[in-house]
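Observations on the model geometry
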Amino acid sequence: MQLDNLYQEVILDHYKRPEFKKLSETFSVRVHHVNPSCGDEITLQLSLDMQGEIALTWDGIGCSISMASASVMAGLFNGKSLEQTAPIFEEFVTLMQSKGAATGDEDVLEDAVAFSGVSKYPARIKCALLAWMAFKDASVQVQGQVK
Amino acid sequence: MTNFNAREIRKEFPIFDRTVREGKRLIYLDSGATSQKPRVVIDAESHFYSFSNAAVHRGAHQLAEEATDAYEGARKIVADFLSAEVDEVVFTKNATESLNLLAYSLGSAKKESELHVTAGDRIVITEMEHHANLIPWQQLALRTGAELAWFPVDTEGRLDLSEIEKVITDRTKIVALTHQSNVLGTINPLDGIIGRAHRVGAIVILDACQSVPHMSINVKQLGVDFLAFSGHKSLGPTGVGVLWGRSELLADLPPFLFGGSMIESVTMTSATWAPAPRKFEAGVPNMAQAVGLGAALNYLNEIGLEAIHDHEMFLTQRLITGLEQNKSVQIFGPRNLEMRGGVVSFGVEDIHPHDLGQFLDSQGIAVRTGHHCAWPLNRKLGVTATTRASLYLYNEESDIDALLEGVADAQTYFGGK
């Protein structure tokens, strides 16, 4: 079934057993983003340690695509520096905008390549990007704090 | 309902000739968002452009005359459809514009007018309003300093009118509510609300988007003061809506948009207005769309709104009964058919509405998922989103059965994987 391209097993696994989906008690920046067309929402907390490594936790309510995407992203970004996340972020956004033409670079995206099927469903791209846009917002804010 | 032939009716809607998602039959259960169009409507709109296109109400030529006749003829059809007077029908872009027109015009009514809204006055709405009948009033309250109050929704999805005297106070100027909820399917009882509103001197504004296309409406019998509906939910084209208002109120109400066509006379420093409805129709109007709406209402009349309503209720019963048999399904809104229409929202345990909607789509079934532009109501229901099936004359029993089967298959798909 073509739907299986969208709902790859990795996505459903992350949806059922999300990672880092528990807001930490301490954080530098907290952002709250909603998808106004469907009401899905995410709260994302971000801080950087002395070495500039990311500590990211989140919580949210939403569909399998939005929640799994948050979980996969948290897994990818935690422990990395902001600089290291930039190419991953760009690759993911490019993949989402590819209208099904791109498959994504697995070396860069790791589990996030599972979302390649999403780009064929225009209505779901915003679901997949919800957490990523929240992260972008938070990372800009956290950099502002550092300076 | 064996004598209502939805299968024959479907043949008059070209869109059902196509398939979706790799050859699947289109099962369209999203008429609450917008209805599909019969060929007579598409042809009427097209014919206007091919044959009579000219700017109405101006020009001395034959085409201008014919275009005006077609446009004003459509107004007459709408008026008859609502049992209203022809000059009480204002064409707008859609129901959202109809309601915004009212909110802005009421907000600029002169101090000496009974329609004037000011600080200390009250505007009453309900918790089940679509954003289109919520935000205009919320913002009018903010602009004028008036107080916004609302009727809550009870656990069955009906309005709680137990405190009606406290909600509609002596200072209430406006009561705006939906005839039928676009989420719950609830049809609101109007008599008590209108009675109380009129006793305190308030006007009653009815959002009839979900009722006019589906049941016979007589504005005089209803007793409301204003009514709004959309053409595109009534088999008509997009880009045309209707505002109906009692003539003495339309006469008292200042215009909302200014420009050509809506004036009586103009100087460099002042202007006076044409009588309603033209006072509210600035600029060259949506002529072809109005003509298409006229064709749509004629088509509905030919089939008969009573028959359509009965057919929808028959399908609604089948849908509710089927959903109730599924232990994982929760229905939001009344379970019985009394005072409800063919809109059914529901949730399925452990499946987010977007995922359910996506699965149903893969089976050719079009439903709506999300908050249905009624975010406060969703919060009251304690959900971020629901799945909604909304029915119309072209739906068949097999559409309902496909949906019920689709829901069960989605449970297997997401649960078993």
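Conventions used here
Residues numbered from 1 in each chain as written. Chains lettered and ligands numbered in written order. Predicted model: local features only at pLDDT ≥ 70, side-chain atom pairs only at ≥ 80, totals over all residues. Pairing = 2+ DSSP bridges. Helix = DSSP H or I, 4+ residues; strand = E, 2+ residues; numbered from the N terminus. Axes fitted to C-alpha atoms, helices over the stretch in contact; angles between N-to-C directions. Contact = placed C-beta atoms within 7 Å. Buried ≥ 20, exposed ≤ 12 C-beta atoms within 10 Å, placed from the backbone. Parallel < 35°, antiparallel > 145°, perpendicular 65-115°, else oblique. Left-handed = near helix turned anticlockwise from the far one by under 90°. Nonpolar A, V, L, I, M, F, W, Y, C, P; charged D, E, K, R; others polar. Domains from an automatic or database assignment. Core = buried A, V, L, I, M, F, W, Y, C linked by C-beta atoms within 7 Å. Expected span 1.5 Å × (residues − 1). Right-handed = clockwise from strand over helix to strand, strands pointing away.

**Thoughts on the sheet that holds strand β3 (residues 54–61) of chain A**
Residues and elements named next belong to chain A. Taking strand neighbours across the sheet as the criterion, the three strands line up as β1-β2-β3 in an open arrangement whose pairing is antiparallel. Looking at the sheet topology across the chains shown, the edges are occupied by β1 (29–34) and β3. For this sheet, the mean angle separating the axes of adjacent strands, direction not counted, is 15°. The pairing of strand β2 (residues 41–48) with β3 spans eight bridges and is classified as antiparallel. Residue pairing across strands places T43 opposite D59, the latter belonging to β3. Its contacts with the sheet place helix α3 (residues 64–77) against β2 and β3, and it is angled at close to 170° to β3.

**Description of the environment of S328 of chain B**
Residue and element names in this part refer to chain B. Examined against the element boundaries, S328 turns out to sit in the loop between α11 (305–324) and β13 (329–332). Residue S328 is classed as partly exposed on the basis of its 14 C-beta neighbours within 10 Å. The spatial distance from the C-alpha of S328 to the C-alpha of A408 is 9.5 Å, given a sequence separation of 80 residues. What S328 contacts, discounting residues up to four positions off in sequence, is V348, E349 and Q411.

**Comments concerning the packing of helix α2 (residues 39–52) of chain B against helix α10 (residues 287–303) of chain B**
Residue and element names in this part refer to chain B. At a minimum axis separation of 8 Å, α2 and α10 run at an interaxial angle of 150°. It follows that α2 is roughly antiparallel to α10 by the angle criterion. As α2 packs across α10, the resulting crossing turns out to be right-handed. Of α10, the residues touching α2 (which contributes V40, V41, A44, E45, F48 and Y49) are M287, A288, Q289, V291, G292, A295, A296 and Y299. Of the residues contributing to the contact of α2 with α10, the split by class is eleven nonpolar, two polar and one charged.

**What about the domain arrangement of chain B?**
Residue and element names in this part refer to chain B. Partitioning chain B into structural domains gives domain 1 (6–30 + 305–416) and domain 2 (42–301). On the side of domain 2, 24 residues touch domain 1, which itself brings 24 residues to the contact. At the level of secondary structure, the elements contributing two or more residues to the side of domain 1 that touches domain 2 comprise α11, β14 (343–348), α13 (375–381) and β17 (386–390). Per-element tally for the side of domain 1 that touches domain 2: the top contributor is α11, with five residues. Residue composition of the side of domain 1 that touches domain 2, grouped by class: twelve nonpolar, seven polar and five charged.

**Some words on the sheet that holds strand β6 (residues 147–151) of chain B**
Residues and elements named next belong to chain B. On the basis of which strands lie adjacent, the open sheet formed by seven strands has the order β4-β10-β9-β8-β7-β5-β6 and mixed pairing. Looking along the sheet, the strands with just one partner apiece sit at the ends: β4 (89–92) and β6. Taken over all neighbouring pairs, the strand axes of this sheet differ in orientation by 20° on average, direction set aside. Sheet topology places strand β5 (residues 122–126) next to β6; five bridges connect them, and they run parallel. Residue pairing across strands places V124 opposite A149, the latter belonging to β6.

**Overview of the packing of helix α3 (residues 62–82) of chain B against α10 of chain B**
Residue and element names in this part refer to chain B. Relative orientation of the contacting elements α3 and α10 amounts to 40°, with a least axis distance of 8 Å. The angle between α3 and α10 places the two elements in the oblique class. Regarding α3 and α10, the two cross each other, and that crossing is left-handed. Facing α3, whose interface residues are A67, A70, Y71, G73, A74, I77, V78 and F81, α10 presents M287, A290, V291, L293, G294, L297 and N298. Of the residues in the contact of α3 with α10, the class split is twelve nonpolar, three polar and no charged.

**Here's the deal with the environment of N395 of chain B**
All names here are of chain B. Locating N395 in the fold gives a position in the loop between β17 and α14 (397–416). Judged by local crowding, N395 falls into the buried class, with 25 C-beta atoms found within 10 Å. For N395 and G185, which are 210 residues apart along the polypeptide, the C-alpha to C-alpha distance reads 17 Å. If we ignore the near neighbours within four places in the chain, the residues touching N395 are A6, L29 and L315.

**What to know about the nonpolar core**
Within soluble globular proteins, side chains that are nonpolar generally end up buried alongside one another. One finds I174, V175, V204 and V291 of chain B to be the most contacted residues of the largest nonpolar core, which totals 119 residues. By residue number, the principal contributor to this core is α10 of chain B, which donates ten residues. The residues contacting V204 of chain B, other than those within four sequence positions of it, are V175, I193, I194, A197, V224 and D225 of chain B. Judged by nonpolar contacts, the second largest core, of 41 residues, contains L6, I125, L130 and W132 of chain A.

**Section: the interface of chain A and chain B**
Contacts between chain A and chain B engage 15 residues on the former and 14 residues on the latter. Sorting the residues of the side of chain A that touches chain B by element identifies α1 (3–6) and α2 (9–16) of chain A as the ones contributing at least two each. Partitioning the side of chain A that touches chain B into residue classes produces eight nonpolar, five polar and two charged.

**Considerations on helix α4 (residues 95–107) of chain B**
Residue and element names in this part refer to chain B. The terminal C-alpha atoms of α4 lie 18 Å apart, and with 13 residues this matches the ideal 18 Å at 1.5 Å per residue to within 8%. Among the 13 residues in α4, twelve count as buried, and that is most of the element. The inward-facing, buried residues of α4 abut β4, α5 (135–144), β7 (172–178), β8 (203–207), β9 (226–230) and β10 (241–245).

**Comments concerning α2 of chain B**
Residue and element names in this part refer to chain B. With 14 residues, α2 should reach 20 Å at 1.5 Å per residue; the first-to-last C-alpha distance of 19 Å fits that figure. Turning to α2, its buried residues are V41, A44, E45, F48 and S52. Buried residues belonging to α2 abut α3 and α10.

**Description of the pairing of β5 of chain B**
Residue and element names in this part refer to chain B. For β5, a buried count of five out of five residues is recorded, marking the element as mostly surrounded by other parts of the structure. Neither face of β5 is left uncovered, since the one carrying R122, V124 and T126 and the one carrying I123 and I125 both have all their residues buried. This β-α-β element, β5 to α5 to β6, shows right-handed connectivity. Of the pairings in the sheet, the one linking β5 to β7 comprises three bridges and is parallel in character.

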